[in-house]
Amino acid sequence: MKRPYLEVTFRNGRQLAAYYYLPRKPGQKSVRTRRVEPGLVIDFARGGQPIGIEITTPGKFSLDALNGVLRDLGFPAATRDELAPVVAA
């Protein structure tokens, strides 16, 4: 996967969680996690490459917080349009 994308999980019509996939090689899996901002958990592959960010509380989501994490990891900022489902929550 070459571009980041968002996946949102709903239960009974409400957002339960979301996951922001980061670029990764096929078959890479998470072997370690790190909690960062409240409601954000980074997944790392073997070798320490960040492969995704779990948004555990979409109702309290902050685009600024996510973009700070992305910046710290060396990724470009996400846009409101890319994250519209959780920005609107």
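Residues numbered from 1 in each chain as written. Predicted model: local features only at pLDDT ≥ 70, side-chain atom pairs only at ≥ 80, totals over all residues. Heavy atoms only, no water.

J.: Quick question: what am I supposed to make of the overall build of the protein chain here?
T.: Scanning the protein chain for helices and strands turns up two helices and five strands. Moving toward the C terminus, one meets the helices and strands of the protein chain in the order β-β-β-β-β-α-α. Overall, the C-alpha framework of the protein chain stretches about 35 × 25 × 25 Å when taken along its three principal axes. By the burial criterion, 37% of the 89 residues in the protein chain qualify as buried. Sequence-distant contacts, at least 24 apart, represent 40% of the contacts inside the protein chain between residues at least 6 apart. Taken as a whole, the protein chain presents about 5700 Å² of accessible surface, with 49% of it coming from carbon and sulfur. Measuring between centres, the 14 positive side-chain charges of the protein chain sit 7 Å from its 8 negative side-chain charges. (Helix = DSSP H or I, 4+ residues; strand = E, 2+ residues; numbered from the N terminus. Buried < 20%, exposed > 50% of the residue type's maximum accessible area, 1.4 Å probe, protein only. Contact = heavy atoms within 4.5 Å. Areas by Shrake-Rupley, 256 points an atom, 1.4 Å probe, with all protein chains shown as cover. Lys, Arg positive; Asp, Glu negative; His and termini not counted. Charge placed at Lys NZ, Arg CZ, Asp CG, Glu CD.)

J.: Where do I start with unusual backbone geometry in this structure?
T.: Peptide bonds are trans in most cases, and residues, glycine excluded, mostly fall at negative phi. One non-glycine residue, Asn12, lies in the positive phi region at around 55°. Topologically, Asn12 is positioned in the loop between β1 (5-11) and β2 (14-21). A relative accessible area of 75% means that Asn12 is categorised as exposed.

J.: Which parts of the structure should I look at to understand the pairing of strand β4 (residues 40-44)?
T.: For a regular strand, side-chain orientation follows a simple rule: the groups alternate between the two sheet faces. Counting buried positions along β4 gives five out of five residues, so the element sits mostly inside the fold. Neither face of β4 is exposed, since Leu40, Ile42 and Phe44 on one face and Val41 and Asp43 on the opposite face are all buried. One ladder, built from four bridges, connects strand β3 (residues 32-35) with β4; its direction is antiparallel. Looking at the pairing, Arg35 lines up with Val41 of β4. What sits between β3 and β4 in their antiparallel hairpin is a turn of four residues, with Gly39 showing a positive phi close to 85°. (Pairing = 2+ DSSP bridges.)

J.: Explain the sheet that holds strand β5 (residues 50-55) to me, please; I cannot follow it from the model alone.
T.: Strand-to-strand pairing in sheets goes through backbone hydrogen bonds, with the strands running parallel or antiparallel. With respect to topology, five strands assemble into an open sheet ordered β1-β2-β5-β4-β3, the strand pairing being antiparallel. Either end of the sheet is taken by a strand with one partner, and the two such strands are β1 and β3. Taken pair by pair, the neighbouring strands of this sheet meet at an average axis angle of 20°, ignoring direction. Pairing analysis gives five bridges linking β4 to β5, with the strands arranged antiparallel. (Axes fitted to C-alpha atoms, helices over the stretch in contact; angles between N-to-C directions.)

J.: Please clarify how the packing of aromatic side chains should be interpreted in this entry.
T.: Two aromatic rings, taken as a pair, are described by how far apart their centres are and by the angle between their planes. Scanning the entire structure with this criterion turns up two aromatic pairs. Ring geometry for Tyr5 and Tyr21: centres 4.6 Å apart, planes at 15°, overall stacked. Taken together, the positions of Tyr5 in strand β1 and Tyr21 in strand β2 put the pair 16 residues apart, joining distant regions of the chain. Exposure remark for Tyr5: the relative accessible area of 38% places this residue in the partly exposed category. (Phe/Tyr/Trp six-rings, centres within 6.5 Å; stacked < 30°, edge-to-face > 60°.)

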